[in-house]
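Here is what each chain is made of, one letter per residue.
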Amino acid sequence: MIEIRNDWKIEEIEALFAMPFNDLLFTAHSIHRESFDPNKVQVSSLLNIKTGACPEDCSYCSQSSKYDTGLEREKLMDIDKVLQQAMVAKEQGASRFCMGAAWRNPTDKSLDKVIPMIQGVKDMGMETCVTLGMLTQEQAFTLKEAGLDYYNHNIDTSKENYSNVITTRNFQDRLDTLEAVQNADISVCSGGILGLGETQTDRASMLQTLCNLESHPDSVPINLLVPIPGTPFENVDPPSEVEFVRTIAVARILMPKSVVRLSAGRTEMGEAMQATCFFAGANSIFYGEQLLTTDNPNTKGDQELFEKLGINI
Ligand code: SAM
Ligand code: DTB
Ligand code: SF4
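Residues numbered from 1 in each chain as written. Chains lettered and ligands numbered in written order. Predicted model: local features only at pLDDT ≥ 70, side-chain atom pairs only at ≥ 80, totals over all residues. Heavy atoms only, no water.

1. Section: the overall build of the chain
Part 1: Along the chain, the regular secondary structure elements total 11 helices and 9 strands.
Part 2: Relative to the globule expectation of 20 Å for 313 residues, the C-alpha radius of gyration of the chain, 18 Å, shows essentially globular dimensions.
Part 3: The burial tally for the chain puts 56% of its 313 residues in the buried class.
Part 4: In the chain, the proportion of contacts linking residues at least 24 apart, taken out of those at least 6 apart, comes to 75%.
Part 5: Put simply, the chain shows about 13,600 Å² of open surface, and 48% of that area lies on carbon and sulfur atoms.
Part 6: Counting 27 positive and 44 negative side-chain charges, the chain places the centres of these two groups 3 Å from one another. (Helix = DSSP H or I, 4+ residues; strand = E, 2+ residues; numbered from the N terminus. Rg over C-alpha atoms; globule rule 2.2 N^0.38 Å. Buried < 20%, exposed > 50% of the residue type's maximum accessible area, 1.4 Å probe, protein only. Contact = heavy atoms within 4.5 Å. Areas by Shrake-Rupley, 256 points an atom, 1.4 Å probe, with all protein chains shown as cover. Lys, Arg positive; Asp, Glu negative; His and termini not counted. Charge placed at Lys NZ, Arg CZ, Asp CG, Glu CD.)

2. Here's the deal with the pairing of strand β3 (residues 127-131)
Part 1: Of all the 5 residues making up β3, 4 are buried; the element is thus mostly covered by neighbouring parts of the structure.
Part 2: Two elements, strand β2 (residues 96-101) and β3, share 5 bridges in a ladder whose sense is parallel. Paired with M99 across the bridge in β3 is V130.
Part 3: Crossover connection from β2 via helix α4 (residues 108-123) to parallel β3: handedness right-handed.
Part 4: Taken together, the 2 bridges between β3 and strand β4 (residues 150-152) define a ladder with parallel strand orientation. Opposite V130, over in β4, you have Y151 as the bridge partner. (Pairing = 2+ DSSP bridges. Right-handed = clockwise from strand over helix to strand, strands pointing away.)

3. Observations regarding the site of ligand 2
Part 1: Close contacts around ligand 2 come from L46, S62, T131, N152, N154, P221, N223, F286, L291, L292, T293 and T294, and that covers them all.
Part 2: Between ligand 2 and T294 there is a distance of 2.8 Å, counted from an oxygen atom to a side-chain nitrogen or oxygen.
Part 3: About the coverage of ligand 2: the protein hides 87% of its 410 Å² of free accessible area.
Part 4: Taken atom by atom, the bulk of ligand 2 overlaps the largest cavity.
Part 5: Across the shell around ligand 2, the residue classes tally to 5 nonpolar, 7 polar and no charged. (Near = heavy atom within 4 Å. Polar contact = N/O pair within 3.5 Å; in protein donor to acceptor, adjacent residues only side chain to side chain. 1 Å grid on protein atoms, 1.4 Å probe; cavity = no way out; pocket = protein on both sides within 12 Å on 5 of 7 lines; lining within 4 Å. Sits in = over half its atoms within 2 Å of the grid points. Nonpolar A, V, L, I, M, F, W, Y, C, P; charged D, E, K, R; others polar.)

4. Describing empty space enclosed by the protein
Part 1: Applying the stated rule across the entire model yields 1 cavity of 30 Å³ or more.
Part 2: The volume enclosed by the largest cavity comes to roughly 850 Å³.
Part 3: Along the walls of the largest cavity sit 44 residues, with Y60, C61, Q63, N154 and L292 positioned nearest its centre.
Part 4: Every element with two or more residues in the lining of the largest cavity is listed here: β1 (42-50), β2, β3, β4 and β7 (219-224).
Part 5: No other element matches β2, which puts 4 residues into the lining of the largest cavity.
Part 6: Considering only residue class, the lining of the largest cavity consists of 23 nonpolar, 14 polar and 7 charged. (Points joined across faces, edges and corners; volume = space filled by probe spheres on them.)

5. With respect to the packing of helix α2 (residues 21-35) against helix α9 (residues 241-254)
Part 1: The geometry of α2 relative to α9 is characterised by a closest axis approach of 9 Å and an angle of 40° between their N-to-C directions. As far as their axial angle goes, α9 and α2 are oblique. The handedness of the crossing between α2 and α9 is left-handed. Contacts between α2 and α9 involve F21, L24, L25, T27, A28, I31 and H32 on the former and, on the latter, V242, V245, R246, A249, V250, R252 and I253.
Part 2: Split by residue class, the contact of α2 with α9 holds 10 nonpolar, 2 polar and 2 charged. (Axes fitted to C-alpha atoms, helices over the stretch in contact; angles between N-to-C directions. Parallel < 35°, antiparallel > 145°, perpendicular 65-115°, else oblique. Left-handed = near helix turned anticlockwise from the far one by under 90°.)

6. Regarding the layout of surface pockets
Part 1: Considering only enclosed or pocket space, the largest pocket measures out at about 400 Å³ in volume.
Part 2: Contributing to the lining of the largest pocket are 22 residues, with L46, L47, Q85, Q290 and L291 lying nearest its centre.
Part 3: Those elements giving two or more residues to the lining of the largest pocket turn out to be β1 and α3 (79-92).
Part 4: Looking at which element gives the most residues to the lining of the largest pocket, the answer is α3, with 5 residues.
Part 5: Here the lining of the largest pocket is composed, by residue class, of 10 nonpolar, 8 polar and 4 charged.

7. Topic: the pattern of salt bridges
Part 1: This structure, assessed with the given rule, holds 14 salt bridges.
Part 2: The partner of R104 in a salt bridge is E56, and the shortest N-O contact between them spans 3.1 Å. Here E56 lies in the loop between β1 and α3 and R104 lies in the loop between β2 and α4, a separation of 48 residues in the sequence.
Part 3: Note on R104: relative accessible area 29%, which makes it partly exposed.
Part 4: By relative accessible area, E56 is classed as buried at 2%.
Part 5: Residue E243 is joined to R203 by a salt bridge in which the shortest nitrogen-to-oxygen separation is 3.5 Å. Of this pair, E243 sits in helix α9 while R203 sits in helix α8 (residues 200-211), and the two are 40 residues apart along the sequence.
Part 6: Judged by its relative accessible area of 28%, E243 is partly exposed.
Part 7: Judged by relative accessible area, R203 falls into the buried class, the value being 6%.
Part 8: When salt bridges that share partners are traced, they join E56, R104, D156 and R169 into one network. (Salt bridge = Lys/Arg side-chain N within 4 Å of Asp/Glu carboxyl O.)

Right under this line is the structure:
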């Protein structure tokens, strides 16, 4: 029987990180098989529906107005164009369509424009996800009424490292939005980024926050930083592959029933690395040639990788 815990101590999580690699992977994979088909990976496609000019100062992001990243700002996309992209994603086999906006938070007026997009995607038979920044409780209820399935809102890093990465909001702001989303009974997608100058203790602490939430996030994206020229973090040393895989494995052990997504950064990963992440407990990816503003592996390459690994989507 898989035990779902919400009382993990930091020492326990650090002890998981310190396990011999093969023992850690064996443990994570054994847990993975108890709740999931080990040969199945869920695929979500992403679309940035509003680009750039974000007032937040997230030090990793191409879309912050605080850094000159050369990104051209764009207004909220027209619904027809959004639904056209959603159709492409569906044809490629995506089961969920995730729409992102470079907002600190949506205004009620802008939320009204996103709602028909959610309904249109839902009508195509795909699951819906949006990531629009911080929400009020009221706005979360509105999204639930519109039929939204998932809300993505990452905690990004540990509470201890947070102010080194973002200063225009605090860690508690993120937790408040997650609570509003959970109260509205929308599935939560929340994870973080590796490669923000964090220590292993920071990684343990970030996962501790996620697994000690009242209920575990349904989906946990683990992103490898995509370095963006012009941002403060453009030259930060990336974590080693072993450290990255360890983080996936520990996330799997701590949140045995959550879907763990091998998210941004796959263009830098070879096939064996991705296969190891799937063994360690990752069972979701972003699928399609674009993330929000950066490249993702092409779908043909992903299909070939799945074929080689005997993975079904
Ligand atoms: N503005 C909203 C927000 O921040 O919540 C939604 C969009 S924001 C771009 C969504 C998430 O993408 C961020 O929380 C972060 O985890 C991830 N992200 C952004 N830039 C990234 C990068 N360069 N590399 C990896 N992940 C990144
Ligand atoms: C998540 O955890 N990663 C996605 C999605 N949720 C919104 C975003 C990755 C963005 C990578 C950088 C970019 O394309 O701008
Ligand atoms: Fe804005 Fe989101 Fe980028 Fe932060 S991560 S700058 S909130 S778009």
